[in-house]
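A structural walkthrough
The residues making up each chain are set out below.
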Amino acid sequence: MMIPLFDDDTGLLILAGMVRYRLMPVCYVFWHGDLFEECHCLMDTSTRGVAMVPKVALDVLSCEVMRVLQLTDSCIVPIGYQVPRKVQEFHEDLYPDTVGTTPAMSAEEWWKGGNKQVEKVSLRPDKQHKPKAAPAKKKELASGGSKEVDIVSVCPSIKAPCLYQVTSHPAAPQDPARGCSTSSSPLSTPSSSAAASRSPSSTSGLSSELSLIQGPTSKFRHIQGAVTHRDTHITNLRGLNLTTPGESDGFCVNRHRVAVPLAISGGQIAICERSQPGRLPDTALPTIQNSVNVVDLSWDPFDAHRLAVAGDDAKIRVWQVPKGGLKDTLTEPEVLLQGHTEKIYSIAFHPLASGLLASSSYDLTVRLWNLENGEQVNLLTGHEDQIFCMAWSPDGKLLATLSKDGKVRIYDPRKSTAPVQEGPGPEGHRGARAVWVCEGKYLLVSGFDSRSERKLSLYSADSVSSGAVASTDIDTSPSTLIPFYDPDTGVVILSAKGETRVHIYEIVPEDPYFMECSSFNSPEPLKGFAFLPKSECNVRDVEIAVGLMLTKAAIEPVAFKVPRVKKEFFQDDVYTDTAVCWEPALTASAWLSGSNGQHKKISLKPKDMTPVSEAPKEAPVRKYLPSSVYLEEKTDEQKKEELLSAMVAKLGNIDDPLPQDSFEGVDEDEWVSGCDGNRSLDSNDGHLDIF
Ligand SMILES: *[C@@H]1O[C@H](CO)[C@@H](O)[C@H](O)[C@H]1NC(C)=O
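Every value quoted in this text rests on a predicted model; they were computed, and no experiment measured them. (Residues numbered from 1 in each chain as written. Predicted model: local features only at pLDDT ≥ 70, side-chain atom pairs only at ≥ 80, totals over all residues. Heavy atoms only, no water.)

Another point: the overall build of the protein. Secondary structure assignment for the protein yields 8 helices and 47 strands. For the protein, buried positions account for 54% of its 691 residues. Long-range pairs, those at least 24 residues apart, make up 56% of the contacts in the protein with a sequence separation of at least 6. (Helix = DSSP H or I, 4+ residues; strand = E, 2+ residues; numbered from the N terminus. Buried < 20%, exposed > 50% of the residue type's maximum accessible area, 1.4 Å probe, protein only. Contact = heavy atoms within 4.5 Å.)

As structure tokens, then:
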């Protein structure tokens with residue numbers, strides 16, 4: 001069931017989900033004329049109830065247009081919705097006068113037939129509480145609502161990611177739940193102490209009614225995926241083969257070009273140059289004629305002209321695209337790799353050694369090939385059924401595979417042809433993918449469970465046999481989620497063929513392991529999604545990943561941005577030095593004879609940008625720490641007292657001093673960063689620093 005909350009002033013409608021067993025996204029919908037503009041944001045835990053905070057309590061200078069309080073099993077979470085505006089000031093267009101709190105008449109007057117409107121008040125910080133009697137103005141506002149076109153890009157922001165866990169304690173003299181219920185504000189919702197008592201009591205040894213838990217939220221949770229400008233699209237792609245096998249990503253990209261299989265006999269492949277975007281001619285383009293159906297294809301990561309293509313004749317053909325792109329049809333491969341006895345599932349280039357390729361086949365073997373001489377250099381055995389995927393470890397030493405036989409396997413190809421580790425993998429038979437995360441510490445597996453639910457699991461790379469360390473359920477869609485992992489941020493972006501929603505998580509090496517971020521919805525079902533090297537990200541726009549999405553007839557870039565306010569600075573907390581993954585660290589022969597390599601790393605900082613960590617402070621900043629840190633230094637008894645008194649004080653004051661009143665003298669730096677979600681607590685956030 002969805003609970004609707006509607007703000008008449010902005011036309012913003014929030015639908016909050018009441019879902020018991022998994023994180024439920026909150027949807028918010030903007031009513032604009034006849035149009036629903038829909039987005040969604042996330043709540044961190046499942047919802048038991050939601051209520052709207054009175055408009056006068058909003059942080060108008062941060063362009064907060066709505067705030068709801070979410071009741072979960074164990075805490076109350078404030079969720080603010082902000083319109084991203086560059087200038088932090090009172091924006092008249094966002095805040096029409098709002099219904100005040102003084103009653104228009106008494107019950108008696110109404111009973112006698114009276115009809116009066118409650119007077120509207122301005123939300124302007126300097127005019128607070130001064131009711132305006134201007135019925136003419138009201139009209140203007142009604143129509144004014146539809147002007148707020150930019151509200152569509154409202155960025156939801158959880159203003160206080162520190163959650164207070166309320167656990168019931170019958171003997172307590174000041175039951176916080178009761179404390180809440182004395183107020184007539186929406187805070188009175190958590191009257192159900194039954195719900196509270198069901199929550200797992202966290203911090204042991206804490207006898208207080210309140211204990212503090214740090215909300216497990218990702219700093220990338222407001223990540224925004226956006227299709228880039230039309231000028232960058234390649235359109236009018238005709239005759240694509242959109243039924244490539246599940247083991248294949250469907251197409252492949254590098255910085256310079258895209259290769260897409262066509263549905264024309266003879267296994268033809270179209271090559272599109274990224275430097276020549278626009279509408280392709282209606283006439284047939286020159287292609288690569290692979291001569292047999294294409295089952296998988298991959299660009300050599302170290303040679304933007306070299307394309308490896310696996311065919312359904314068990315052979316791999318390696319093609320050389322001429323400089324400047326394909327002018328004539330190619331019919332002769334540069335190298336032909338033969339050895340597999342049955343059709344191939346997928347191929348995977350080594351991440352560090354040049355010219356080293358792995359392939360998996362229906363003959364249930366995995367083979368390694370040296371492209372320099374076209375020779376098979378290794379044959380790995382042990383699979384008992386279909387091989388869903390292969391994934392090289394970031395240090396290039398190990399190769400992980402997932403199979404329909406239900407096992408995760410890790411090979412050390414230079415040591416043994418049998419797996420060096422084996423463990424229970426996803427049970428579902430529909431397919432699975434793997435990617436190494438957290439510097440090779442874990443293997444992230446995307447697959448299905450026995451009930452055909454999509455699931456993400458993390459395996460410790462040292463002990464795959466002990467099964468998954470952590471898992472999270474996604475949903476019940478039938479298509480395998482294909483992960484892309486950005487090692488610099490720990491963000492994994494998961495797309496599926498035939499779907500529009502792209503799921504995003506930050507992966508951390510300790511509990512909670514998976515931190516869900518805002519997802520991206522493509523305007524059309526995806527036929528494929530492939531990512532470009534980090535060097536393609538526009539750091540001035542705080543892009544952390546850029547991918548190309550393949551749709552029915554077009555290729556469109558999608559940039560994933562982290563919303564930041566001070567974009568003129570280089571966001572060095574987001575951009576660590578990145579691996580030069582487009583240059584080989586060693587040759588195939590060196591790797592085969594036992595050497596290992598590492599990519600060199602570079603900074604993405606443009607010369608003319610200053611790191612945000614070195615940004616000059618405009619005014620002295622009031623120092624504050626997340627209250628978790630602050631409270632750690634105190635005894636349980638002290639914590640309890642502080643929290644209780646703060647809570648009671650704030651609750652009592654809900655109608656009195658407005659948070660806006662205290663803005664004076666607050667330096668800009670403080671609340672600017674409140675917007676980008678970096679701060680755990682906003683000290684100037686009025687009563688919200690408690691709830
Ligand atoms: C598309 O590719 C797949 C995999 O090679 C093949 O089985 C299928 O026949 C191709 N479709 C068309 C229409 O060529």
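You can see serine 519 is positioned in strand E41 (residues 514-521). Polar side-chain contacts of serine 519 include one of 2.9 Å to the side chain of arginine 501. (Polar contact = N/O pair within 3.5 Å; in protein donor to acceptor, adjacent residues only side chain to side chain.)

Right, let's get into the sheet that holds E41. With respect to topology, 4 strands assemble into an open sheet ordered E38-E39-E40-E41, the strand pairing being antiparallel. The outermost strands of the open sheet, each flanked by one partner alone, are strand E38 (482-486) and E41. The sheet shows a mean angle of 25° between the axes of neighbouring strands, taken without regard to direction. The sheet contact formed by E38 and strand E39 (residues 491-495) spans 5 bridges and is antiparallel. (Pairing = 2+ DSSP bridges. Axes fitted to C-alpha atoms, helices over the stretch in contact; angles between N-to-C directions.)

For the coordinates displayed, the defined rule picks out 12 aromatic pairs. Relative to phenylalanine 531, the ring of phenylalanine 529 has its centre 5.0 Å away and its plane inclined at 5°; by these criteria the two rings are stacked. Of the two residues, phenylalanine 529 and phenylalanine 531, neither departs from the other in class, the shared state being buried. Three or more aromatic residues link up through ring pairs in this structure, and these residues are Phe484, Phe520, Phe529, Phe531 and Phe560. The side chain of arginine 430 reaches across the aromatic face of phenylalanine 448, ending 5.3 Å from its centre. (Phe/Tyr/Trp six-rings, centres within 6.5 Å; stacked < 30°, edge-to-face > 60°. Lys NZ or Arg CZ within 6 Å of the ring centre and 35° of its normal.)

A word on the pattern of salt bridges. If charged atoms from side chains of opposite charge come close, those side chains can pair. Per the stated rule, a full pass over the model turns up 35 salt bridges. Here lysine 112 and glutamate 108 are joined by a salt bridge, their closest N and O atoms 3.6 Å apart. In this structure, lysine 112 and glutamate 108 share a single accessibility class: exposed. One salt bridge connects arginine 501 with glutamate 516, and the closest N-O pair in it is separated by 3.6 Å. A residue pair is termed long-range when its members are at least 10 positions apart, and arginine 501 in strand E40 (residues 501-507) and glutamate 516 in strand E41 qualify at 15 residues. Residue arginine 501 is classed as partly exposed on the basis of its relative accessible area of 25%. Via salt bridges that share partners, Asp300, Arg306, Glu334 and Glu372 belong to a single interconnected network. (Salt bridge = Lys/Arg side-chain N within 4 Å of Asp/Glu carboxyl O.)

Tracing the backbone shows arginine 274 in the loop between strand E18 (268-273) and strand E19 (278-279). Given the relative accessible area of 25%, arginine 274 is considered partly exposed. The spacing of arginine 274 and isoleucine 555 is 281 residues in sequence and 9.6 Å in space, taken between C-alpha atoms. Beyond its immediate stretch of four places on either side in the chain, arginine 274 contacts Asn254, Arg255, His256, Arg257, Val258, Leu532, Glu536 and Leu548.

This part is about the UniProt feature "repeat: WD" (unreviewed entry) in the protein. According to UniProt, the feature "repeat: WD" (unreviewed entry) maps to residues 337-379 and 380-412 in the numbering used here. Here residues 380-412 runs as 0% helix and 52% strand, with 9 Å between its end C-alpha atoms. (UniProt positions renumbered as here; feature names shortened; annotations may be inferred.)

Once that is clear, we can look at the nonpolar core. Ile493, Phe529 and Phe560 are the most contacted members of the largest nonpolar core, which has 24 residues in total. Within the residue set of this core, elements represented by two or more residues are E39, E40, E41, strand E42 (528-531), strand E43 (543-550) and strand E44 (555-561). For this core, the leading source of residues is E43, giving 3 residues. Among residues more than four places away in sequence, those in contact with phenylalanine 529 are Phe251, Ser495, Val502, Phe520, Gly547, Leu548, Met549, Val558 and Phe560. Counting 22 residues, the second-largest nonpolar core is a separate cluster that includes Val50, Leu61, Cys75 and Tyr95. (Core = buried A, V, L, I, M, F, W, Y, C linked by side-chain atoms within 4.5 Å.)

As a structural note, the neighbourhood of the ligand is formed by Asn241, Thr243, Pro245, Ala263, Asn293, Val294 and Val295. Asparagine 241 has a polar side-chain atom sitting 2.2 Å from an oxygen atom of the ligand. Compared with its free state, where it exposes 360 Å², the ligand has 64% of that area covered by protein. Along the lines of polarity and charge, the residues of the shell around the ligand split into 4 nonpolar, 3 polar and no charged. (Near = heavy atom within 4 Å. Areas by Shrake-Rupley, 256 points an atom, 1.4 Å probe, with all protein chains shown as cover. Nonpolar A, V, L, I, M, F, W, Y, C, P; charged D, E, K, R; others polar.)

Our focus in this paragraph is the pairing of strand E31 (residues 399-403). Summarising burial for E31: 5 of the 5 residues are buried, a large majority. Of the two faces of E31, the one carrying Leu399, Thr401 and Ser403 and the one carrying Ala400 and Leu402 are both buried. For strand E30 (residues 387-392) and E31, the ladder comprises 5 bridges, and the chain directions are antiparallel. For cysteine 389, the partnering residue across the bridge sits in E31 and is leucine 402. Here 4 bridges tie E31 to strand E32 (residues 407-411), and the two strands are oriented antiparallel to one another.

Quick look at the pairing of strand E28 (residues 366-370) now. Where burial is concerned, most of E28 is hidden: 5 out of the 5 residues are buried. Residue alternation in E28 divides its side chains into two sets, Val366, Leu368 and Asn370 and Arg367 and Trp369, and both sets are buried. As paired strands, strand E27 (residues 356-361) and E28 are joined by 5 bridges and run antiparallel to one another. Bridge assignment links serine 359 to a residue of E28, and that residue is arginine 367. Taking the residues between adjacent antiparallel strands as the criterion, E27 and E28 are bridged by 4 residues, where leucine 364 takes a positive phi near 65°. When E28 meets strand E29 (residues 375-380), the two strands line up antiparallel, connected through 5 bridges. Following the sheet pairing, tryptophan 369 is matched in E29 by glutamine 376. As consecutive antiparallel partners, E28 and E29 are separated by 4 residues, and within that stretch glycine 374 has a phi angle of approximately 75°, a positive value.

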